[in-house]
Amino acid sequence: MPSFAEALALMEAWTESESLRRHMRAVEVAMRAYARRFGGDEELWAMAGVLHDMDYEKYPQEHPYRGVEELRRLGYPEEVLEAILGHASYTGVPRRTLMAKALFAVDELTGLITAAVYVRPDRSILGLELSSLKKKFKDKAFARGVNREEIRMGAEDLGLSLDEHMAFVLEAMRKEAELLGLK
């Protein structure tokens, strides 16, 4: 099985966009945190996070199928591939594992959190409060591309309230602010 370092190098080889790379790192950070919370394999969950959008830039019409095809060829575990397929609702792949449910739950939320940080005067996640994030969540005009219903469904699938889920992912990203360029 490939290592996390190999997964990270693969993501970087397939992805030129710095913002997309940062998004995948944010999802990785949230996945690591949920792996610890739910007793999952942290490296596997992190791989699913860092690789979930690896093909989005090169093959937007074939995402996530093209990436999963490459990951399968390279010997990544089926659990990771299934989670990546399941993070995109349109694939119809059911999210049966906690890893798959977590990937779906954090994908859109990390985007909302990052957008909320970017409109802050200091552009730092360290001072972003849950109450401010909740206001951004309710403001449909803010970060229009973020699917709020998927964030709600994701929290529910994990057995968490929306507030609990938002606070957990915000805290996970805060702890890695420097890595994510959000300090």
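Residues numbered from 1 in each chain as written. Predicted model: local features only at pLDDT ≥ 70, side-chain atom pairs only at ≥ 80, totals over all residues. Heavy atoms only, no water.

In the nomenclature of an unreviewed UniProt entry, the chain corresponds to HDIG domain-containing protein from the organism Thermus antranikianii.

Visitor: Teacher, can you tell me more about the packing of aromatic side chains here?
Guide: Any pair of aromatic rings gets described here by the distance separating the centres and the angle formed by the planes. Summed over the entire model, instances satisfying the criterion amount to three aromatic pairs. With centroids separated by 5.5 Å and ring planes inclined at 15°, the aromatic side chains of Tyr34 and Phe38 adopt a geometry described as stacked. Of the two residues, Tyr34 and Phe38 are both situated in helix α2 (residues 18-38); the distance of four residues between them amounts to about one turn of the helix. With relative accessibility at 0%, the residue Tyr34 sits in the buried group. The interplanar angle of 25° and the centroid separation of 4.3 Å between the aromatic rings of Tyr34 and Phe168 together place this pair among those described as stacked. Of this pair, Tyr34 sits in helix α2 while Phe168 sits in helix α9 (residues 162-175), and the two are 134 residues apart along the sequence. By way of ring pairs, the aromatic residues Tyr34, Phe38 and Phe168 are connected into one cluster. Positioned above the aromatic ring of Phe4 is the side chain of Arg32, whose terminal nitrogen or guanidinium carbon lies 4.7 Å from the ring centre. (Phe/Tyr/Trp six-rings, centres within 6.5 Å; stacked < 30°, edge-to-face > 60°. Helix = DSSP H or I, 4+ residues; strand = E, 2+ residues; numbered from the N terminus. Buried < 20%, exposed > 50% of the residue type's maximum accessible area, 1.4 Å probe, protein only. Lys NZ or Arg CZ within 6 Å of the ring centre and 35° of its normal.)

Visitor: Mind showing me how you'd approach the layout of surface pockets here?
Guide: Sizing a probe to match a water molecule and rolling it over the atoms shows the empty space that remains. Put simply, the largest pocket is a space of about 430 Å³. Lining the largest pocket we find 17 residues, and of these Asp53, Asp107, Glu108, Gly145 and Glu150 sit closest to its centre. Taken together, the elements giving at least two residues each to the lining of the largest pocket come down to α2 and α6 (98-118). Tallying contributions element by element places α6 first for the lining of the largest pocket, with four residues. (1 Å grid on protein atoms, 1.4 Å probe; cavity = no way out; pocket = protein on both sides within 12 Å on 5 of 7 lines; lining within 4 Å. Points joined across faces, edges and corners; volume = space filled by probe spheres on them.)

Visitor: How should I be thinking about the UniProt feature "domain: HD/PDEase" (unreviewed entry) in the chain in this particular structure?
Guide: Residues annotated by UniProt as "domain: HD/PDEase" (unreviewed entry) correspond here to residues 16-121. Annotated as residues 16-121, this span is 66% helix and 0% strand, and its ends, taken at the C-alpha atoms, are 27 Å apart. (UniProt positions renumbered as here; feature names shortened; annotations may be inferred.)

Visitor: For this particular structure, what's the right way to read the pattern of salt bridges?
Guide: Should their charged atoms come close, side chains of opposite charge can pair. Taken as a whole and judged by the stated rule, the model has 15 salt bridges. Asp122 is the partner of Arg120 in a salt bridge, and the nearest nitrogen-oxygen pair spans 3.4 Å. Looking at Asp122, the relative accessible area reads 46%, which means it is partly exposed. For the salt bridge of Arg152 with Glu149, the shortest nitrogen-to-oxygen distance reads 3.2 Å. (Salt bridge = Lys/Arg side-chain N within 4 Å of Asp/Glu carboxyl O.)

Visitor: Quick question: what am I supposed to make of the packing of helix α1 (residues 4-14) against α2 here?
Guide: Contact geometry of α1 with α2 gives a least axis separation of 11 Å together with a crossing angle of 155°. Accordingly, the angle class assigned to the pair α1 and α2 is roughly antiparallel. With respect to the hand of their crossing, α1 and α2 are arranged in right-handed fashion. Across the interface between the two elements, Phe4, Leu8, Met11 and Glu12 of α1 pack against Arg21, Met24, Arg25, Glu28 and Arg32 of α2. Broken down by class, the residue content of the contact of α1 with α2 amounts to four nonpolar, no polar and five charged. (Axes fitted to C-alpha atoms, helices over the stretch in contact; angles between N-to-C directions. Parallel < 35°, antiparallel > 145°, perpendicular 65-115°, else oblique. Left-handed = near helix turned anticlockwise from the far one by under 90°. Contact = heavy atoms within 4.5 Å. Nonpolar A, V, L, I, M, F, W, Y, C, P; charged D, E, K, R; others polar.)

Visitor: Hey, could you run me through the nonpolar core in this one?
Guide: Here is a general trend for soluble globular proteins: nonpolar side chains tend to be buried in one another's company. Met31, Leu51, Leu112 and Ile113 are the most contacted members of the largest nonpolar core, which has 60 residues in total. With 11 residues, the single largest contributor to this core is α6. Once residues lying within four places of it in the same chain are set aside, the contact partners of Ile113 are Ile125, Leu128, Leu133, Val169, Leu170 and Met173. (Core = buried A, V, L, I, M, F, W, Y, C linked by side-chain atoms within 4.5 Å.)

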